[in-house]
Amino acid sequence: MAKYIFVTGGVVSSLGKGIAASSIGCLLESRGLHVSLQKFDPYLNVDPGTLSPFQHGEVFVTDDGAETDLDLGHYERFTHSHLTQANNVTSGRIYEQIIQRERRGDYLGKTVQVIPHVTNEIKAAIKRISADVDVVIVEIGGTVGDIESLPFLEAIRQMRHELGRENAIFVHVTLVPWIAAAQELKTKPTQHSVKELRAIGIQPDMLLCRSERFLPNDVKEKIALFCDVDAEAVITARDVKSVYEVPLVFAGERVDEFILKRFKLQAGPRDLTAWSEMLDRMQNPEDEVSIGLVGKYVEYEDSYKSLKEALLHGGLAHRLKVNIHWIEAEGVTPANAEQTLEGYDGILVPGGFGKRGIEGMIHSIRFSRENKVPYFGICLGMQTMVIEYARNVCCLERADSTEFDPATPHRVIFKLRELKGVDELGGTMRLGAWPCVLAEGSFAQRAYGMREISERHRHRYEFNREYEETLKAAGLRITGETPDQTYVEICEIADHPWYLGCQFHPEFKSKPMEPHPLFRAFIGAAYEHRRKRLASRRANEFESVREYSRGD
């Protein structure tokens, strides 16, 4: 039978419950255990697919096409857990299922209530992912005290009661702030958070105390006394420069040892050798590279969480530090494009929806194409790359996507045929893993080292193959398409150091230990461009000095 770890949060939001859950999973995997992770979100949306990136950050997509919380991205990057729709459940989905059953008469006329019907549905969702794993780690979104999360907390309380204390552990992530004026770590917020948790019947077994600095033993003992936990279960979860340091911090605090002891589980010795080597490459780069990311949600970096991590992973493959410069697409114009973008070693345009910032993206892409700067376009970044090429190379005036201009005379990007007339936004996109066949000798094929791949999608609009011959005649290459040749997946330009747009989202499959091939290739091309650019600059400076000397 699987063991269960329930992760809750208190005091304030954004304490890093997802990173904590992922790091625990990483530690347990390093001992040879099989883990699965699950996120419960208390909001009433059925899934985060229609939420604004400014409110909720990126939408992570799994192979089976589930639009999920960004914490599932952390789960996949830190562990080998295979995640699906079942690994992210919202209040909206729970209530939707219950109401559908009530309408069908499945409850046989009974009064439908939070207890037992909602809590039973939550417990059933947890048990669905428990097959063939040793440990299930369940993260409850929100903060203890939020009215929305009460059914989830009641459900995990019931599970602990049903499973027994040796099969379920409660881990509470809380805050121990450093008050500079008093020069003290304050434990009262943690005490109040645990009091709130205990009031609803949950006694935490372990406290992950977020803090700027290590908790001394006297502080740990004070927390243990007032919160009724073992002193060894009061863990310093200190601030770190990189989230990838957290598993090592937890290892130093013997988190995995405590969990195994409480579960009475036998496991192999901890082996974080490869993880430590990855961190060493990250912390000791041999050089750096600068990437200009031209997007429409750059004010909130969590909107591009997986993308940011994938770029860093690409740098790890070459032992390079990747400096990401966030550029607001709306601010790029023909007049300032060169001034804004010169000096970057590569330019990336990510995914997004809506018309805002499109022209700035197109100006950025033109700069990259004409100045031979490595370019990587993802989803919307491929679509705008095609639009730019159609307008400025093929001279198709007002070429556009029907998403931005329904009346365009040249709809080089248009809505999926099967979705015409569909107005609902939720679940109407091409989602999840789709196969793709790569052209021999293309940038993509050289990056992957194979001809057939599978990547995850999240979009509504596609390359219009009616314009294929016109674009190809002008030099655009279609180097990736679905096996049935219905959808174009990758476009490139051959006469360029590295210029590629893909319809899918490769960032969703990148991991620190396994950098995605396209990000590895893009960062490699950007670094080569940097070396040539700096060498040319030094040569010009040297020549200027020689001319000045001859003048004397």
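In what follows, the structure referred to is the one given above.
In this report, the structure presented in the accompanying data block is examined. (Residues numbered from 1 in each chain as written. Predicted model: local features only at pLDDT ≥ 70, side-chain atom pairs only at ≥ 80, totals over all residues. Heavy atoms only, no water.)

1. Quick word on the overall build of the chain
Consideration 1: Looking only at helices and strands, the chain features 18 helices and 23 strands.
Consideration 2: On C-alpha atoms alone, the chain measures out to a radius of gyration of 26 Å, which is about the 24 Å that the 2.2 N^0.38 rule sets for 552 residues.
Consideration 3: By its C-alpha atoms, the chain is 80 × 75 × 45 Å across when sized along the principal axes.
Consideration 4: Within the chain, the proportion of its 552 residues that are buried is 56%.
Consideration 5: Accessible surface, the chain as shown: approximately 23,600 Å² in total, 49% of it carbon and sulfur. (Helix = DSSP H or I, 4+ residues; strand = E, 2+ residues; numbered from the N terminus. Rg over C-alpha atoms; globule rule 2.2 N^0.38 Å. Buried < 20%, exposed > 50% of the residue type's maximum accessible area, 1.4 Å probe, protein only. Areas by Shrake-Rupley, 256 points an atom, 1.4 Å probe, with all protein chains shown as cover.)

2. Here's the deal with the pairing of strand E14 (residues 346-349)
Consideration 1: Here E14 shows two buried faces, one formed by Gly-346 and Leu-348 and the other by Ile-347 and Val-349.
Consideration 2: When strand E12 (residues 287-295) meets E14, the two strands line up parallel, connected through 3 bridges. Bridge pairing in E14 places Gly-292 opposite Ile-347.
Consideration 3: As paired strands, E14 and strand E15 (residues 375-378) are joined by 3 bridges and run parallel to one another. Bridged to Ile-347 within E15 is Tyr-375.
Consideration 4: The β-α-β motif built from E14, the intervening helix H14 (residues 358-370) and the parallel element E15 has right-handed crossover chirality. (Pairing = 2+ DSSP bridges. Right-handed = clockwise from strand over helix to strand, strands pointing away.)

3. What about the sheet that holds strand E18 (residues 430-438)?
Consideration 1: Taking strand neighbours across the sheet as the criterion, the 9 strands line up as E13-E12-E14-E15-E23-E22-E21-E18-E19 in an open arrangement whose pairing is mixed. Edge strands, defined here as strands with exactly one partner in the open sheet, are strand E13 (320-328) and strand E19 (452-459). Along the sheet, successive strands turn relative to each other by an average axial angle of 25 degrees, direction set aside. (Axes fitted to C-alpha atoms, helices over the stretch in contact; angles between N-to-C directions.)

4. Remarks on the pairing of strand E6 (residues 135-140)
Consideration 1: The buried count for E6 comes to 6 of 6 residues, which makes it a mostly enclosed element.
Consideration 2: Residues Val-135, Ile-137 and Glu-139 line one face of E6 and the alternating positions Val-136, Val-138 and Ile-140 line the opposite face, and both faces are buried.
Consideration 3: Strand direction decides the pairing type here: strand E1 (residues 3-9) and E6, joined by 5 bridges, are parallel. Paired with Phe-6 across the two strands is Val-138, which belongs to E6.

5. With respect to helix H1 (residues 17-30)
Consideration 1: Its 14 residues place the ends of H1 20 Å apart at the C-alpha level, agreeing with the 20 Å of an ideal helix rising 1.5 Å per residue.
Consideration 2: Within H1, 14 of the 14 residues are buried, leaving the element largely enclosed by the surrounding structure.
Consideration 3: Directly after H1, the chain includes Gly-32, whose backbone phi takes a positive value near 90 degrees. (Expected span 1.5 Å × (residues − 1).)

6. Some points on the pattern of salt bridges
Consideration 1: In the structure shown here, the tally under the stated rule is 45 salt bridges.
Consideration 2: Two residues, Arg-530 and Asp-345, come together in a salt bridge whose shortest N-O distance is 3.1 Å. On the criterion of sequence distance, the pair formed by Arg-530 in helix H18 (residues 517-551) and Asp-345 in the loop between helix H13 (337-341) and E14 is long-range, its members being 185 residues apart.
Consideration 3: A salt bridge links Asp-400 to Arg-391, with the shortest nitrogen-to-oxygen separation between them at 3.2 Å.
Consideration 4: In this structure Asp-400 comes out as buried when scored by relative accessible area, which is 8%.
Consideration 5: One connected set of salt bridges, linked through shared partners, spans Arg-31, Arg-254, Asp-256, Glu-257 and Arg-270. (Salt bridge = Lys/Arg side-chain N within 4 Å of Asp/Glu carboxyl O.)

7. Here's the deal with the environment of Ala-317
Consideration 1: Within the fold, Ala-317 resides in helix H12 (residues 305-317).
Consideration 2: Linking Ala-317 and Phe-443, residues 126 residues apart in sequence, is a C-alpha distance of 17 Å.
Consideration 3: Excluding its chain neighbours within four sequence positions, the residues that come into contact with Ala-317 are Pro-515 and Arg-520. (Contact = heavy atoms within 4.5 Å.)

8. Describing unusual backbone geometry
Consideration 1: Following Ile-115, the chain continues into Pro-116 via a peptide bond in cis, with omega recorded as 15 degrees.
Consideration 2: Topologically, Pro-116 is positioned in helix H5 (residues 114-128).
Consideration 3: At Val-11, a position not held by glycine, the phi torsion is positive, near 75 degrees.
Consideration 4: With respect to the helices and strands, Val-11 occurs in the loop between E1 and H1.

9. Comments concerning helix H6 (residues 150-163)
Consideration 1: Compared with the 20 Å implied by 1.5 Å per residue over 14 residues, the 20 Å span of H6 between its first and last C-alpha is a close match.
Consideration 2: By the criterion of burial, H6 is predominantly enclosed, with 10 of the 14 residues buried.
Consideration 3: Pro-151, Phe-152, Leu-153, Glu-154, Ala-155, Ile-156, Gln-158, Met-159, Arg-160 and Leu-163 are the residues of H6 that are buried.
Consideration 4: In the segment just after H6, Gly-164 is the residue with positive phi, at about 95 degrees.

10. Observations regarding the packing of H14 against helix H15 (residues 380-392)
Consideration 1: At a minimum axis distance of 9 Å, the contact between H14 and H15 shows a crossing angle of 70 degrees. Classified by the angle between their axes, H14 and H15 sit roughly perpendicular to one another. Contacts from Ile-358, Glu-359, Met-361, Ile-362, Ile-365, Arg-366 and Arg-369 of H14 reach H15 at Leu-380, Gly-381, Thr-384, Met-385, Ile-387, Glu-388, Tyr-389, Arg-391 and Asn-392.
Consideration 2: Looking at side-chain class alone, the contact of H14 with H15 contains 8 nonpolar, 3 polar and 5 charged residues. (Parallel < 35°, antiparallel > 145°, perpendicular 65-115°, else oblique. Nonpolar A, V, L, I, M, F, W, Y, C, P; charged D, E, K, R; others polar.)

11. Looking at the environment of Asp-230
Consideration 1: Mapped onto the secondary structure, Asp-230 falls in the loop between helix H8 (217-227) and strand E11 (234-238).
Consideration 2: For Asp-230, a relative accessible area of 38% puts it in the partly exposed group.
Consideration 3: Considering only alpha carbons, one finds Asp-230 and Met-206, 24 residues apart in sequence, at a separation of 7.8 Å.
Consideration 4: Sequence-distant contacts of Asp-230, defined by excluding residues within four places in its chain, comprise Ala-224, Phe-258 and Arg-262.

12. Describing the environment of Ser-149
Consideration 1: Within the fold, Ser-149 resides in the loop between E6 and H6.
Consideration 2: Ignoring anything within four residues of it in the chain, the contact list for Ser-149 reads Pro-42, Ile-140, Gly-141 and Thr-143.

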